[in-house]
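Spelled out from the first residue to the last, the chains are:
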Amino acid sequence: MKNFTYYRPSSAEQAVGLLENTWGNTALLAGGTDLHDLQKEYIAQPGRVISLGGIAALSGITVEDKHVRIGAGTNIADIAAHADLRRFFPALTEAAAQLGGPQIRNMGTLGGNLCQRNRCWYFRDEHVNCLLKGGPRCFALEGENKYHAVFTQGHRCVIVHPSTLAPALLALGATIEVLGPKGRRTQEIAKFFHAPSNATEREHTLAANEMIVAVSIPRRNLTNASYEIRHKQSYDWPLVQVAVAFEGGRAGANVTNATIVLGHVGPVPRVAPAAAAALNTRALTDETATAAGRGATEGAKPLSQSAYKLRLIEVAVKRALLIAGGMKRYWEV
Ligand SMILES: Cc1cc2nc3c(=O)[nH]c(=O)nc-3n(C[C@H](O)[C@H](O)[C@H](O)COP(=O)(O)OP(=O)(O)OC[C@H]3O[C@@H](n4cnc5c(N)ncnc54)[C@H](O)[C@@H]3O)c2cc1C
Ligand code: SF4
């Protein structure tokens, strides 16, 4: 690991004041579960590391009448265990509870989760100079790509977005509170994620001298759930994940305003409008859930080894919907 100078500011404003306006030499440190890996692998080589650990105001969950605010420094285990979050937003708390293992959930934070870098094995290998590290091309396009994207159109880099909290927050219509040198701004989470294509871009739209302060989720009484498909019960990222949120869908009421978001299938979490259209204004049944699953793969263009994910998407969408609707989990015996 390259030597660095360590800073421990006591306010978010001080932390932002220490950031440079280009990526590379300064890095925020939250739980360190991703940043330290990147440093040890020489993928990130900051000269100055700014710890957020001394900023008490960044952690905590506040439940208001109209929304719930989660500080960026709140750890993932606390999100998974919070009673009100579990009641209002099971899509989020289930995703948090499944994430990594206990150590990762105890150290990893919400802000770090949303800003973690991708898991492409070419990117994570210091000896491979791919597009995202300033190199000439994407090695996954014609190389080993079984954990890569299936929605690849228009993308020169075919990573999958690594966050499993992101699809849930997107389905729930969350907003992100960002602090930068000019003060605070609020951003819809739908506009937060970004498909990077060179070394100067990240998997999100924050500027290098901005940080996430908190995430707010509106309390809209949506029926919601998430479901993920993994290698066994492995201590690893899912192969495919789905988060769903909608009005109605229970006690015979038709579904309206459905949002279905797919994770780990494209460079950004993917909203699937054709899946929602197969469901909206209809009762939630085995048949409509199956139709939504089929709709979810519309527009996919898998790579040489990632086409198996198409079937996983269909299954995950169906199961997430049935879980949200409180219906029988036919796959559990
Ligand atoms: C074995 C393993 C399994 C995992 N499985 C999953 C999984 O299933 N799903 C999943 O989603 N993740 C998974 N992860 C990733 C894990 O969730 C992230 O590493 C963690 O959430 C990062 O949080 P952190 O606080 O440790 O971030 P750090 O490592 O401290 O930071 C990560 C990045 O975010 C930036 N950052 C941190 N806080 C802020 C902020 N407030 N504003 C702006 N930028 C910030 C840092 O500068 C850095 O670039 C797994 C990790 C491991 C090691
Ligand atoms: S998918 Fe992206 S990160 Fe991976 S090799 Fe291609 S350009 Fe690099």
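Report follows, based on the coordinates. (Residues numbered from 1 in each chain as written. Chains lettered and ligands numbered in written order. Predicted model: local features only at pLDDT ≥ 70, side-chain atom pairs only at ≥ 80, totals over all residues. Heavy atoms only, no water.)

### Some points on the site of ligand 2
Then step 1. Neighbouring ligand 2 are 13 residues, the closest being Cys120, Cys130, Cys138, Cys157 and Val158.
Then step 2. Here the shell around ligand 2 is built from residues that sort into twelve nonpolar, one polar and no charged. (Near = heavy atom within 4 Å. Nonpolar A, V, L, I, M, F, W, Y, C, P; charged D, E, K, R; others polar.)

### With respect to the pattern of salt bridges
Then step 1. Under the counting rule described, the total for this entry stands at 14 salt bridges.
Then step 2. The salt bridge partner of arginine 119 is aspartate 34, with a shortest N-O separation of 3.6 Å. Taken together, the residues span a long stretch of sequence, with arginine 119 in the loop between helix 7 (110–115) and helix 8 (165–171) and aspartate 34 in the loop between strand 2 (26–29) and helix 2 (35–40) at a distance of 85 residues.
Then step 3. The buried category is assigned to aspartate 34, whose relative accessible area is 12%.
Then step 4. Where salt bridges share partners, they join Glu13, Arg69, Glu177 and Arg184 into one cluster. (Salt bridge = Lys/Arg side-chain N within 4 Å of Asp/Glu carboxyl O. Helix = DSSP H or I, 4+ residues; strand = E, 2+ residues; numbered from the N terminus. Buried < 20%, exposed > 50% of the residue type's maximum accessible area, 1.4 Å probe, protein only.)

### Some words on helix 10 (residues 286–296)
Then step 1. Here helix 10 has its buried residues at Thr288, Ala289, Ala292, Gly293, Gly295 and Ala296. For helix 10, the arc enclosing every buried residue in end-on projection is 160°, short of the 170-degree limit, so these residues lie on one face. Seen from the open side of helix 10, the exposed residues pointing more than 90 degrees away from its buried face are Glu287 and Arg294.
Then step 2. Tucked inside the fold, the buried residues of helix 10 contact strand 11 (256–263), helix 9 (273–277) and helix 11 (308–324). (Arc of directions from axis to C-beta. Contact = heavy atoms within 4.5 Å.)

### Overview of the pairing of strand 8 (residues 211–218)
Then step 1. For strand 8, the buried fraction is high: seven of the eight residues fall into the buried class.
Then step 2. Bridge count between strand 5 (residues 67–71) and strand 8: five bridges; the pairing is antiparallel. Paired with valine 68 across the two strands is isoleucine 217, which belongs to strand 8.
Then step 3. As paired elements, strand 6 (residues 175–180) and strand 8 share five bridges and run antiparallel to each other. Across the sheet, leucine 179 pairs through a bridge with methionine 211, a residue of strand 8. (Pairing = 2+ DSSP bridges.)

### What about the packing of aromatic side chains?
Then step 1. The final tally for this structure, using the stated rule, is six aromatic pairs.
Then step 2. Here tyrosine 122 and phenylalanine 139 contribute two aromatic rings whose centre-to-centre distance is 6.1 Å and whose plane-to-plane angle is 40°, an arrangement assigned as tilted. Within this pair, whereas tyrosine 122 is found in the loop between helix 7 and helix 8, its partner phenylalanine 139 is found in the loop between helix 7 and helix 8, the two being separated by 17 residues in sequence.
Then step 3. Relative accessible area serves as the criterion here: at 17%, tyrosine 122 is assigned to the buried category.
Then step 4. Between phenylalanine 192 and phenylalanine 193, the aromatic rings sit 5.2 Å apart at their centres with planes inclined by 90°, giving edge-to-face as the arrangement. For the pair shown, phenylalanine 192 and phenylalanine 193 are each scored as buried.
Then step 5. Ring-pair connections join several aromatic residues into one group, and the members of that group are Tyr227, Tyr330 and Trp331.
Then step 6. If you follow lysine 133 out to its NZ or CZ, it ends over the ring of phenylalanine 123, 5.7 Å from the centre. (Phe/Tyr/Trp six-rings, centres within 6.5 Å; stacked < 30°, edge-to-face > 60°. Lys NZ or Arg CZ within 6 Å of the ring centre and 35° of its normal.)

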